[in-house]
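The residues making up each chain are set out below.
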Amino acid sequence: MLFPFLWMLSSSIKLDKDIFAFPIQWIPEKPVWSNYVDIWTRIPLAAFIKNTAKITLIVTFLQLVTSSFAAYAFSKLRFRGRDFLFMAYIATIAVPWQAYMVPQFIMMRNFGLNNTHLAIILLQAFSAFGVFMMRQFYQGIPDSLLEAARIDGMNEYQIYARIMLPLSKPALSTLTIFTFVNTWNDFLGPLLYLTRDELKTIQIGLRMFITQYSAEYGLIMAASVVVLIPVLVVFLSLQKYFVQGIASTGVKG
C-alpha cells in the first residue's frame, strides 16, 4: 500500500530521465528540490488549490447537513411512503454518474451555470450514500431517547440539532472523510464544467504538466505530494472517529 506513495515522494525530487530507471534509486544522489519551486511558477498552482479547497469545503458541509437531516427523517420519523422513498433514493447509487452526466450538463447549461463553481457544488450537495450511512447510524440510537425529548417539549428540529448531531460525531467524521477525498480528487466533474483557467481545480491543473509530446513527471509528482497533504491532514485528524463510524454504522442496537 505504501509503495506507490514512497515512489511518488522519491520521484518528486528526481529528473524526468531518472524516474523510470531500474533498479529504483529511492534516494537520488542529487535531489532536485527545484521541482517544488517550479510547480508554483509553471502553473497557477495556488489558484487551483484555492478553487479546489473552496469547492471541497462547501460540498462537504452541504453533504453533512443534507445527509444527516434526511437520514433523521428516514430513520426516526413516520410518514406515508417513507420506506419506498428511501429505497428509490438509495437505488440511485446503482446508476453510475457517467450514465446521466450529459443530460445533467445540458440542464446546468440551461440554468446558466456552465463554467461556474456553483454547478459542481449543487450537483454534489446531496449524497444517497451519505443518507444511507447516516440512517444506519441513527437506527442504533434508541427511540426512547427521542420520545423522552418530545415529552420534555422539544420539536423535531431541536431533537435533530441537540441530540442526534452530538451523538453522531463518528458517522459525521466518516462521511466528512469520504466526501472530502472524493470531492478533492474529482477530475471528470470540473473537466466538464470548468474551461476558464481561473476556475479550474488542482486535478485539472496537474494535466498542464502533460503536453502533446512529453510529460514532466518530476513536476507532476511534486505537485501530487503537495496536493496529498490536505487529504492526509483531514484523515489523520478524524481517524479515531472514522474507525468508530465504520464500526457503528453496520451495527443496529
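The shown structure was predicted, so the numbers you read here are calculated from the model rather than taken from an experiment. (Residues numbered from 1 in each chain as written. Predicted model: local features only at pLDDT ≥ 70, side-chain atom pairs only at ≥ 80, totals over all residues. Heavy atoms only, no water.)

J.: Before we go on, may I ask you to explain the confidence of the model for the protein in this structure?
T.: Model confidence for the protein is summarised by a mean pLDDT of 87, while 94% of its residues fall at 70 or above. The spread of mean pLDDT over the elements of the protein runs between helix H15 (residues 239–248), the lowest at 62, and helix H4 (residues 45–76), the highest at 93. (pLDDT = per-residue confidence, 0-100. Helix = DSSP H or I, 4+ residues; strand = E, 2+ residues; numbered from the N terminus.)

J.: I keep staring at a nonpolar patch on the surface and nothing clicks. Help me out?
T.: A contiguous nonpolar patch, built from Met 1, Leu 2, Phe 3, Phe 5, Leu 6, Trp 26 and Ile 27 and spanning about 850 Å² of accessible area, is present on the exposed surface. Among the secondary structure elements, Met 1 is positioned in the segment before helix H1 (3–11). (Patch = residues over 30% accessible without salt bridge, like charges linked within 9 Å, V, L, I, M, F, W, Y side chains within 5 Å. Areas by Shrake-Rupley, 256 points an atom, 1.4 Å probe, with all protein chains shown as cover. Salt bridge = Lys/Arg side-chain N within 4 Å of Asp/Glu carboxyl O.)

J.: Looking at this structure, how should I read the packing of aromatic side chains?
T.: One pass over the full model with this rule turns up 12 aromatic pairs. For the pair Phe 69 and Tyr 157, a centre-to-centre distance of 6.1 Å together with 25° between the ring planes defines the contact as stacked. With Phe 69 in helix H4 and Tyr 157 in helix H10 (residues 156–167), this pair connects stretches of sequence that are 88 residues apart. For Phe 69, a relative accessible area of 39% corresponds to the partly exposed category. In this structure Tyr 157 comes out as exposed when scored by relative accessible area, which is 60%. (Phe/Tyr/Trp six-rings, centres within 6.5 Å; stacked < 30°, edge-to-face > 60°. Buried < 20%, exposed > 50% of the residue type's maximum accessible area, 1.4 Å probe, protein only.)

J.: What's the story with the side chain of Ser 11 in this structure? I'm lost.
T.: Positionally, Ser 11 belongs in helix H1. Judged by relative accessible area, which is 0%, Ser 11 ranks as buried. The residues touching Ser 11, leaving out its near neighbours within four places in the chain, are Ile 19, Gly 218 and Met 221. (Contact = heavy atoms within 4.5 Å.)

J.: Explain helix H7 (residues 117–124) here, please?
T.: In an α-helix, one turn spans 3.6 residues; hence positions three or four apart end up facing the same way. Regarding H7, the residues found buried are His 117, Ala 119, Ile 120, Ile 121 and Gln 124. Tucked into the core, H7 has its buried residues touching H4, helix H6 (101–110), helix H11 (169–184) and helix H12 (188–193).

J.: Help me understand the nonpolar core in this model?
T.: Burial of nonpolar side chains together is a common tendency in soluble globular proteins. Core analysis: the largest hydrophobic core is formed by 19 residues, its most contacted members being Ile 39 and Phe 209. Contributing elements (two or more residues each) for this core: H4, H11 and helix H14 (217–237). Element by element, the count of residues in this core is highest for H14, at 8 residues. Listed in part, the 17 residues of the second largest apolar core include Tyr 138, Ala 149, Tyr 160 and Ile 163. (Core = buried A, V, L, I, M, F, W, Y, C linked by side-chain atoms within 4.5 Å.)

J.: Sorry, what's going on with the packing of H4 against H10 here?
T.: The description of two helices packed together rests on the angle between their axes and the distance between the axes. At a closest axis distance of 11 Å, the pairing of H4 and H10 adopts a crossing angle of 110°. As the angle between them shows, H4 and H10 are arranged roughly perpendicular. Residues Val 65, Ser 68, Phe 69, Tyr 72 and Lys 76 of H4 touch H10, and the partners they reach there are Glu 156, Tyr 157, Ile 159, Tyr 160, Met 164 and Leu 165. Classifying every residue of the contact of H4 with H10 gives 8 nonpolar, 1 polar and 2 charged. (Axes fitted to C-alpha atoms, helices over the stretch in contact; angles between N-to-C directions. Parallel < 35°, antiparallel > 145°, perpendicular 65-115°, else oblique. Nonpolar A, V, L, I, M, F, W, Y, C, P; charged D, E, K, R; others polar.)

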